[in-house]
Amino acid sequence: MEGQPAHLSITGEVTSTSSRNLVATLQGRSGSTNQILVSAHWDSHRGPGALDNASGVSMLIELARYFSGKDQPPECTLKFLALGAEELGLLGSK
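In this report, the structure presented in the accompanying data block is examined.

So, about the nonpolar core. Listed in full, the seven residues of the largest apolar core are Val38, Ala40, Leu60, Cys76, Leu78, Phe80 and Ala82. Mapped onto this core, the elements with two or more residues apiece are strand S2 (35–41) and strand S3 (77–83). The biggest single contributor to this core is S3, with three residues. Discounting chain neighbours no more than four positions away, the residues touching Cys76 are Leu26, Gly28, Ser32, Asn34, Gln35 and Ile36.

Pasting the structure below:
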């Protein structure tokens, strides 16, 4: 009903964990200062990682493979970031 107050209660737990981020850089052509960041999160929180962001990680790896196999460097620098601990405030992407 419109105008009625709503109440929300959230319960949970706080745990400590560690995580790692991976950054791979493919340097662009000489003189270019532009960068493109390609990122995906690779971890999974309390669930199967295959359903979490496997498509994003697959694309990240495939783009890195594709551009690193070229005879000439890309127009600008490409940074590929595989990020961990992004869920539930774990701040890995920060």
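On to the sheet that holds S2. Taken in spatial order, the three strands make up an open sheet running S1-S3-S2, and their pairing is mixed. This sheet does not close on itself; its edge strands, each paired only once, are strand S1 (22–26) and S2. Here the average twist between neighbouring strands, direction ignored, is 15°. Looking at chain direction, S1 and S3 are connected through five bridges and run antiparallel. Considered in S3, the bridge of Ala24 is made with Phe80. The strands that helix H2 (residues 54–68) touches are S1, S2 and S3; relative to S2, the one it contacts most, it runs at about 145°.

Rules of the game
- Residues numbered from 1 in each chain as written.
- Predicted model: local features only at pLDDT ≥ 70, side-chain atom pairs only at ≥ 80, totals over all residues.
- Heavy atoms only, no water.
- Core = buried A, V, L, I, M, F, W, Y, C linked by side-chain atoms within 4.5 Å.
- Buried < 20%, exposed > 50% of the residue type's maximum accessible area, 1.4 Å probe, protein only.
- Helix = DSSP H or I, 4+ residues; strand = E, 2+ residues; numbered from the N terminus.
- Contact = heavy atoms within 4.5 Å.
- Pairing = 2+ DSSP bridges.
- Axes fitted to C-alpha atoms, helices over the stretch in contact; angles between N-to-C directions.

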